[in-house]
Amino acid sequence: MSPRHALPDDALPDHVHEERERAETLRHRLGLSRRRLFAATTGLAAAAAIPLAQPAAAGTRRVLIPPGKRGIILYTVRDAITRDPASTTSPSGFRRVLEALSAIGFRQVEFAGYRQHANAEGGASLDTVEGARLLRGWLDGNGLRAQGNHGFIPGSWPLTTADLDRFKQALEIANILGLEHMGTGADPTGSAYKADWDVAAEKWNALGAIARSAGIKLYTHNHDAAYAFLLDSGPPDEQGRPTRSSGIRKLEYFFRISDPRLVHFEMDIYWAHVAQYKHRTYTAPDGSTQTDVFDPLRTVRAQEKRFPLFHAKDGASNPAVPNGYDMVPFGTGDIDYRRFFSRLRNHGFHNPMYEQDNAPGADPAQSLQLAELSYRNMAALRG
């Protein structure tokens, strides 16, 4: 997909003018310049060179991400949350960053833990009942809804008493914050072997039942390795483990053996496309090499209600890097988000969270500037 160009002002529909007015208000409020950077790794230039995703003709297509579903995972702006408020005039700490995100237009956030700078209001850790009450007040005061958290998942199995108690405390905090979902940023297991995924499913079914009893949906988040091929057949290695694959991918096997009522998923759409690029062949039981190209959209459509959340992370195609993509702001890359969101069956059910791992940079305003740009592109997406 080639870079997109903004339409002339007189050809833009009303909603785009409204978003630009919101952006001007935000810049004045936060003292931001007009500069925009593409990404920390690319060093590209100013706002005039950064394209807004081109909208369809006014009134002809539906909004693909409804206003109330436009979210951000706070890992994207972790530099702002963790910096010392005494040393900067930029937003810092949870309270001020949530205010800034609300001013941009976001209505949902996903936490990535509850730590901030020690000098921020509330102190270093808000991972307590009291801290959660502070956070809930700031969310409500800014018209924000928290939809998830990449937080604590017990490492033990069977569960130790300490791990169980901590997991239950995490659920209590989630309920104070009003979360419908609680999860993790990791795969259920890093193993390639079927036996380990069987154990992971047993554990996650048990954790999901505990979460469900607390009114929370438990979810796991994918990286590309989860969509690599399961080792489940063929001649064993010296430790008796299988060395070949039947062709099923690891997480797809996990879909089958985990309880759909108890275990849910958050697809990171960027990492799913990395999997499409990287994990294309496997060694079949007969020793032949087979090709199977992963389709992220088809995977979601097969069980949409098990994917309540997405990471809407964009990538610019770059075959020179191992992953095949460079991370860039939402709407400025080559991942076809218009196709992805327009072909979902359950429009308005999913909660897309903008994420960009490399948004923080030398400019203290950069991650919030990229959040603003990405929000505008989310709002402009139609299909």
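Here is what the cut-offs are and how they apply
The written sequence of each chain sets the order in which its residues are numbered from 1. In keeping with the model being predicted, local features are shown solely for residues with a pLDDT of at least 70 and side-chain atom pairs are shown and tallied solely at 80 or more, while totals for entire chains, interfaces and linings include all residues. Excluding hydrogens and water, the side-chain values take into account all heavy atoms of the structure. Going along the chain from the N terminus, every DSSP run of H or I of four or more residues is numbered as a helix, and every run of E of two or more is numbered as a strand. Contacts are assigned to residue pairs with any non-hydrogen atoms lying within 4.5 Å of each other. One fewer than the residue count of a helix, multiplied by 1.5 Å, yields its expected span. The buried label applies to any residue whose accessible area, calculated with a 1.4 Å probe on protein chains only, is under 20% of its type's maximum; exposed applies above 50%, and partly exposed to all values in between. Only strands that DSSP links by at least two bridges are regarded as paired with each other. By the criterion used throughout, a crossover qualifies as right-handed when its path from the first strand across the helix to the second strand runs clockwise, the strands pointing away from the viewer. Only buried residues count toward a nonpolar core, which is a set of Ala, Val, Leu, Ile, Met, Phe, Trp, Tyr and Cys residues joined through side-chain atoms within 4.5 Å.

Caption draft 1: The arrangement of the side chain of H279 in detail. Its location among the elements puts H279 in the loop between α8 (269-278) and β9 (281-283). Those residues within four positions of H279 in sequence are excluded, and the remaining contacts are D224, A225, Y227, A228, F229, R249 and D292.

Caption draft 2: Helix α6 (residues 194-213), seen in detail. Helix length check: α6 (20 residues) gives 29 Å between terminal C-alpha atoms against 28 Å at 1.5 Å per residue, within 8%. Of all the residues in α6, the buried ones are W197, A200, A201, K203, W204, N205, L207, G208 and A211. Residues of α6 that are buried sit in contact with α5 (161-177), β4 (181-184), β5 (217-221), α7 (250-257) and β8 (263-268). Positive backbone phi, approximately 80°, marks G215, located one or two places after α6.

Caption draft 3: Examining the pairing of strand β3 (residues 145-149) more closely. With four of its five residues buried, β3 lies for the most part within the structure. Strand direction decides the pairing type here: strand β2 (residues 108-111) and β3, joined by four bridges, are parallel. Residue pairing in the sheet places E110 in a bridge with G148 of β3. For the handedness criterion, the β-α-β arrangement of β2, helix α4 (residues 129-141) and β3 is classed as right-handed.

Caption draft 4: Local environment of the environment of A132. With respect to the helices and strands, A132 occurs in helix α4. When its relative accessible area of 0% is taken as the criterion, A132 is described as buried. Between the C-alpha atom of A132 and that of Y114, which follows or precedes it by 18 residues, the distance is 8.6 Å. Not counting residues within four places of it along the chain, the set of residues in contact with A132 comprises L126, I173, I176 and L177.

Caption draft 5: Inspection of the nonpolar core at higher detail. Counting residues in each nonpolar core, the largest one holds 85 residues, and the members touching the most others are L101, V109, F111, M267 and F341. Top contributing element to this core by residue count: α5, with seven residues. Residues within four places of F341 in sequence aside, it is in contact with R62, L64, I65, I269, F310, P352 and L381.

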